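Tertiary structure, described
So you can see what is in the structure, the chains are spelled out below.
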Amino acid sequence: MALTDDDAWVVLKCIDPDESNPNEVDDEVQISTADVYTWNLSSILQHRILKVKAHRNRLIENSSYFHGLLGGNFRDPDVEVLIQWNRSTFLSLLASLFGSPLDVTSQNFLSIFEGALYFGMEMILSQCKMWLAKALSIIGVPSVQLNDLVSIWEFGSELLDYLRELCTSYLARNFVWALSCPSFGDVPYDLLLSTIKHPHLTVDSEKQLCDHLLVWIDANKECCTEDLCITLLKQIRISLLPLWFAAGKNTYQSLSMCSNGSSCGALTLLKQPLTCLRGDGDLLNLKIRLTEFTQRVDLAGCPQITPVVLLLSTLPSSFILEPLTRNKIVQLLTNHESLRGNSCELWSRLTFEAVHEIDISNCPMLHLEDAVECFSKSFPSLRKLKAANCLRFRTRKLLQLLVDRCPLLCDIDLTVDVSPVIITQMSVTESSFGSISSPLPVLRSRPLPSNITKLTLEGLIDVTDYDLQRISDICVSLTYISLKGCILVSDAGISSLLCSCLKLNSIVACDTCFGQQSILALCSLNACYDHVAAKHIKQNILQGSNLQMLHIGGCKGISMMSLSKLMSQAYMLKNLCLRDTEVVDDCLFNLGGSSLEVLDVSNTKVSAAAMAHVIGQNPGLKCLKARGCKNLLQQGSKTENKNLYVELGKLCKLDEISVGWGFSFLSLEDLKPAVSFLKEIEVGLGGLLGHDGLKRLPLTCPLLESIVLYFQVISDDLIVNMLESLRHLKSLALCHCLGETSSLSFKVSMPNLRKLKLERVAPWMRNADLISLSQNCANLIELSLLGCRLLDSESQKIISRGWPCLTSVHLEECGQVTSNGVEALFDCHALEDVLLRHNGSGIQKGFIGDAVTKLPMLRKLSLDICDAKGGEFDIPELDDKHFLNHVKIARCKSRNVGASVHRETLVLMWDGKQIIRTQVKERV
């Protein structure tokens, strides 16, 4: 049938202007929109010129461009319409116009949208807008990649403001994801600024925001002026940064200017909160960033965070600005008042349903009971709580409170520093400790079960057998428990827990009374059976077979026969720690399964043959710790020792290794295939890498992040070679090493180094060398020096000025560092761990009280009576606002001709309620 005018055809000749080549012979293909469903795009696009026969009427109806071009009196069917556009995009547009589904993706959105806009294809524009709106509203894994988002934003900035708003809102909601993208440094300044000003900006912490803004500034320093940097950094809420982080970033000039211009920093909010509250803006800047999209809240290391700051963060901004509310908040902040029993508890708060994880570790001013009340009202979906190093609570009461107020919690971490006094391993001469738990009390009522599956109580010295029984009643779904350093629980108490919690597969009980009863509980025939496995292998599977993690390092009184039996059942074991135990070879030979990833047998009597056997059965081993195993160097075992490292080299890919006796340069050569991705290495007494081994170490293990060397022969050249080659190195410890070294060893810039320990390897160090070290290792957070006898009292100022963000400083036998007292070190406000011993007898009598007052994060303090100016230290009466966990005061018998002989150590521990005094013979 003849075509009418309305059904006339038109030929569209499409050439990509970016691919035109005048010297190339025309290569064309002819296709028709009548066959749009059978187009083979990959084949068609191989041609440079596309001639598309299309219905004129359909083009006119759906494209304003073609309506103007082909409408009116246009009647010549032989004329070809030239289209200069990207061929792939144009074909996609035509295919959609003639009925084929439009496939929009993050990668092609902009080209399709731009083409539809140019050709006036409203239907396709509408589809693109719908796709983009949906893609940018998805919560979860982002569907639009960052570089594509930036392109869309830049296109929108020229034509369409609504595109800019969509992109900005999307980036604000997914900012944590954007920070992890390699192209984050390419985000335009205007987009970044508008994003961090957006009310939907979602970050885990103010530290996370600050850290990545500084990274962005470093990546764009050539085009970003100081004024632009300051404008960007002023968006950071300085008062909410962790204390150590804020102190360390003072070296950034732009951020330092922002800090100086702010009326409220972290330390100011902690000590002088009234100065932070001069206006409504300052009050709003104390609010933690919380949005409806927030999933994780990280407040770790912020001593300035109080229950009032938490309350403030969950109140509507309009409510905060009301005069009565503002005055009440100012009163609460200024007087550090508790929220319990206060009228503000009745205030209406916002609810953040998406929050499932909170970290309030190292927040000494945050009363946990107040915090839990806040969490229960504003974070109803909370599933994970990390509250490490929070002392002011009773474990029993807090656990019950958490179960009652936060019923969805499944992971609780209440870790504190493990007591330096392990009663089962030390010679205790005097102690106010309670005795190891007596027989279990009878419970009058059985509490309701909780959802808790993972519970970490590491270091808590108020946990008793009674608490374990309560835990077994409450935590019926428990799969992981850590009791490391819980010195008041008994073997009977642990075994009772093991028998009650039948789903338990991960047990960390290092340095406890875990013993024979607990081993037998794991091996007991009364344990639950794995009926599924039993059906397949025709035998009952004991509870021991479900073990995935077992850490019993330092535990005594275990029958090796019973342990061997348990090992033979543990076919699912992935993580095993037997350090400092009496473990024998039979235990390792009997180890069943082939899933082991972590093995720690440090300071045991296992042989190379037993170790080689385990390695041969477990090719997935990633971490091996065998430092202090003298039997690895038994006479006549050279072949076995060689086989150990040959097996490791052939079968495994290690992330971490710790070795000693029998380890040599040849061992490293045997290990080469296994350590190409090694992150951490420790070589202890009895191991000898030698010059060649240390020289080859950076080549063999180029990704090393941590190196610990004991009793190795070192030199300036070897140290410089390591520091220059290992650019990922974050931690370096050189202890009791031999060889000639000088200040030249540390003339290398190491901005990534965070921890440095130099023990009896730098006797040449003077103040000038210390200054040079602070300049080359500017980002240290932990510093330990032993035997630097040429240092003096001025060294304190050098340390505090060079490393203001230190969290740990150990100075021992360092000349006269404390001969004039301790004052400058107090300028390192974020210090958590301080050791000062044999550095000059000038430390003031009231030093402990001064340290607690001036160092709000201080948890561990180690001193020596030899350094006390008056021959003793005052033990202060501490209120509930302190953060101190324990103090160790060593005492020497004599100190003649520069030598000292240790006599005893007094250990003072705070359990959140009282001081516990213990005196031991050992030097701890």
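Everything quoted here is computed from the prediction, not taken from an experiment. (Residues numbered from 1 in each chain as written. Predicted model: local features only at pLDDT ≥ 70, side-chain atom pairs only at ≥ 80, totals over all residues. Heavy atoms only, no water.)

Of the regular secondary structure elements, the protein chain holds 35 helices and 28 strands. Each of the 924 residues in the protein chain was classed as buried or not, and the buried ones make up 55%. In the protein chain, of all internal contacts separated by at least 6 residues, the share reaching a separation of at least 24 is 72%. About 39700 Å² of surface is accessible on the protein chain, with carbon and sulfur atoms providing 50% of the total. (Helix = DSSP H or I, 4+ residues; strand = E, 2+ residues; numbered from the N terminus. Buried < 20%, exposed > 50% of the residue type's maximum accessible area, 1.4 Å probe, protein only. Contact = heavy atoms within 4.5 Å. Areas by Shrake-Rupley, 256 points an atom, 1.4 Å probe, with all protein chains shown as cover.)

The next point concerns the side chain of Ser-745. Along the chain, Ser-745 falls in the loop between strand E20 (731-735) and strand E21 (755-759). Among the polar contacts made by the side chain of Ser-745, one reaches the side chain of Asp-716 at a distance of 2.3 Å. Setting aside residues up to four positions removed in sequence, Ser-745 forms contacts with Asp-716, Ile-719, Val-720 and Leu-723. (Polar contact = N/O pair within 3.5 Å; in protein donor to acceptor, adjacent residues only side chain to side chain.)

Here we come to the environment of Leu-399. Position of Leu-399 relative to the elements: it lies in helix H21 (residues 395-405). The class for Leu-399 is buried, based on a relative accessible area of 10%. Distance in space between the C-alpha atoms of Leu-399 and Leu-414 is 9.8 Å, their sequence separation being 15 residues. Every residue in contact with Leu-399, bar those within four places of it in the chain, is listed here: Ile-412, Leu-414, Leu-455 and Ile-471.

Attention shifts here to the nonpolar core. By size, the foremost hydrophobic cluster in this structure holds 187 residues, and its most contacted members are Ile-360, Phe-514, Leu-550, Leu-563 and Phe-746. Sequence-distant contacts of Ile-360, that is, excluding residues within four places in its chain, are made with Leu-299, Leu-366, Leu-368, Ala-371, Phe-375, Leu-385, Lys-386, Ala-387 and Cys-390. Within the second largest apolar cluster, 79 residues are counted, among which are Ile-60, Trp-85, Val-104 and Leu-193. (Core = buried A, V, L, I, M, F, W, Y, C linked by side-chain atoms within 4.5 Å.)

Quick look at the side chain of Asp-204 now. Along the chain, Asp-204 turns up in the loop between helix H10 (189-196) and helix H11 (206-219). For Asp-204, a relative accessible area of 18% puts it in the buried group. Contact partners of Asp-204, with chain neighbours within four places excluded, come to Val-176, Arg-296, Val-297 and Asp-298.

What follows covers the pattern of salt bridges. This structure, assessed with the given rule, holds 30 salt bridges. Here Arg-696 ties to Glu-669 by a salt bridge, and the two come within 3.8 Å at their closest N and O atoms. One end of the pair, Arg-696, is in helix H31 (residues 690-700); the other, Glu-669, is in helix H30 (residues 665-671), with 27 residues separating them in the sequence. A relative accessible area of 31% means that Arg-696 is categorised as partly exposed. Judged by relative accessible area, Glu-669 falls into the partly exposed class, the value being 25%. (Salt bridge = Lys/Arg side-chain N within 4 Å of Asp/Glu carboxyl O.)

As judged from the three bridges shared by strand E16 (residues 623-625) and strand E17 (residues 656-659), these two strands associate in the parallel manner. Paired with Cys-623 across the strands is Glu-656, a residue of E17. Regarding topology, H30 serves as the crossover connection from E17 to the parallel strand E18 (residues 680-683), and that connection is right-handed. (Pairing = 2+ DSSP bridges. Right-handed = clockwise from strand over helix to strand, strands pointing away.)

Each α-helix turn comprises 3.6 residues. Residues three or four places apart therefore point the same way. The set of residues buried in H31 consists of Gly-690, Gly-693, Leu-694, Leu-697, Pro-698 and Thr-700. Summarising the axial view, the buried residues of H31 lie within an arc of 165 degrees, below the 170-degree limit, and thus occupy one face. In this structure, the buried residues of H31 make contact with H30, E18, strand E19 (706-710) and helix H32 (716-725). (Arc of directions from axis to C-beta.)

Right, let's get into the packing of helix H4 (residues 87-97) against helix H6 (residues 122-135). Helix packing for two helices is described by the angle between their axes and how far apart those axes are. Running from N to C, H4 and H6 cross one another at 105 degrees; their axes reach a closest spacing of 10 Å. Between H4 and H6, the angle falls in the class roughly perpendicular. Contacts between H4 and H6 involve Leu-93, Ser-96 and Leu-97 on the former and, on the latter, Met-123, Ile-124 and Gln-127. Class assignment for the residues of the contact of H4 with H6 results in four nonpolar, two polar and no charged. (Axes fitted to C-alpha atoms, helices over the stretch in contact; angles between N-to-C directions. Parallel < 35°, antiparallel > 145°, perpendicular 65-115°, else oblique. Nonpolar A, V, L, I, M, F, W, Y, C, P; charged D, E, K, R; others polar.)

Overall, mixed pairing links the four strands, which are arranged E2-E3-E1-E4 in an open sheet. Of all strands in the sheet, those bounded by a partner on one side alone are strand E2 (28-32) and strand E4 (80-84). Direction aside, the axes of adjacent strands within the sheet are offset by 25 degrees on average. In this structure, strand E1 (residues 9-15) lies alongside strand E3 (residues 49-55), joined through seven bridges in antiparallel fashion.

With that settled, the discussion passes to the confidence of the model for the protein chain. Mean pLDDT over the protein chain stands at 86; residues scoring 70 or higher make up 86%. Note on residues 1-6: pLDDT under 50 across the span, and four contacts to partners over four residues away in sequence or across chains. A low-confidence stretch, residues 436-444 stays under pLDDT 50, and its non-local contacts, those more than four residues away or across chains, total 21 contacts. (pLDDT = per-residue confidence, 0-100.)

The next subject is a nonpolar patch on the surface. Taken together, Leu-688, Val-713 and Leu-738 make up a surface patch of nonpolar side chains, about 270 Å² in accessible area. Along the polypeptide, Val-713 turns up in the loop between E19 and H32. Of the residues examined, Val-713 reaches a relative accessible area of 41% and is grouped as partly exposed. (Patch = residues over 30% accessible without salt bridge, like charges linked within 9 Å, V, L, I, M, F, W, Y side chains within 5 Å.)

With that settled, the discussion passes to the pairing of E18. If a strand is regular, its side chains alternate between the two faces of the sheet. For E17 and E18, the ladder comprises four bridges, and the chain directions are parallel. Bridging from a neighbouring strand, Ser-658 pairs with Glu-682 of E18. When E18 meets E19, the two strands line up parallel, connected through four bridges. Bridge assignment links Ile-681 to a residue of E19, and that residue is Ile-707. For the handedness criterion, the β-α-β arrangement of E18, H31 and E19 is classed as right-handed.

Quick look at the packing of aromatic side chains now. Here the structure, examined in full by the defined rule, presents 19 aromatic pairs. Ring geometry for Phe-66 and Phe-119: centres 5.9 Å apart, planes at 5 degrees, overall stacked. Taken together, the residues span a long stretch of sequence, with Phe-66 in helix H3 (residues 64-70) and Phe-119 in helix H5 (residues 109-119) at a distance of 53 residues. For the pair formed by Phe-66 and Phe-119, the shared burial category is buried. Ring centres of Trp-244 and Phe-245 lie 5.8 Å apart, and the angle between their planes is 90 degrees; on these two criteria the pair is classed as edge-to-face. The class for Phe-245 is buried, based on a relative accessible area of 3%. Feature note: the residues Tyr-65, Phe-66, Trp-85, Phe-90, Tyr-118 and Phe-119 constitute an aromatic cluster, connected by ring pairs. Lying across the ring of Trp-9, Lys-53 places its NZ or CZ 5.0 Å from the centre. Lys-454 extends its terminal NZ or CZ atom over the ring of Tyr-480, reaching a point 4.9 Å from the ring centre. (Phe/Tyr/Trp six-rings, centres within 6.5 Å; stacked < 30°, edge-to-face > 60°. Lys NZ or Arg CZ within 6 Å of the ring centre and 35° of its normal.)

For the rest of this paragraph, the subject is the packing of H5 against H6. Contact geometry for H5 and H6: axes closest at 9 Å, N-to-C directions at 150 degrees. Put simply, H5 runs roughly antiparallel to H6. Judged by the sense of rotation from one axis to the other, the crossing of H5 with H6 is left-handed. From H5, Phe-109, Ile-112, Phe-113, Ala-116 and Leu-117 reach across to H6, where they touch Ile-124, Leu-125, Cys-128, Lys-129, Trp-131 and Leu-132. Residue classes in the contact of H5 with H6 are distributed as 10 nonpolar, no polar and one charged. (Left-handed = near helix turned anticlockwise from the far one by under 90°.)

The subject of this paragraph is unusual backbone geometry. Of note in the backbone geometry, Asp-580 takes a positive phi value of approximately 55 degrees without being a glycine. With respect to the helices and strands, Asp-580 occurs in the loop between strand E14 (575-577) and helix H27 (585-589). By relative accessible area, Asp-580 is classed as partly exposed at 27%. Within the chain, His-736 stands out as a residue other than glycine whose phi angle is a positive 55 degrees. You can see His-736 is positioned in the loop between E20 and E21.

Our next topic: H4. By the criterion of burial, H4 is predominantly enclosed, with nine of the 11 residues buried. The opening residue of H4, the one whose side-chain oxygen lies 3.2 Å from the backbone nitrogen of Ser-88, is Asn-86.

This part is about the environment of Leu-729. If you trace the backbone, Leu-729 turns up in the loop between H32 and E20. Classification of Leu-729 by relative accessible area gives buried; the value is 5%. Distance in space between the C-alpha atoms of Leu-729 and Pro-751 is 9.4 Å, their sequence separation being 22 residues. Apart from the residues lying within four places of it in its own chain, the contact partners of Leu-729 are Leu-704, Glu-705, Ser-706, Ile-707, Leu-723, Asn-752 and Leu-753.

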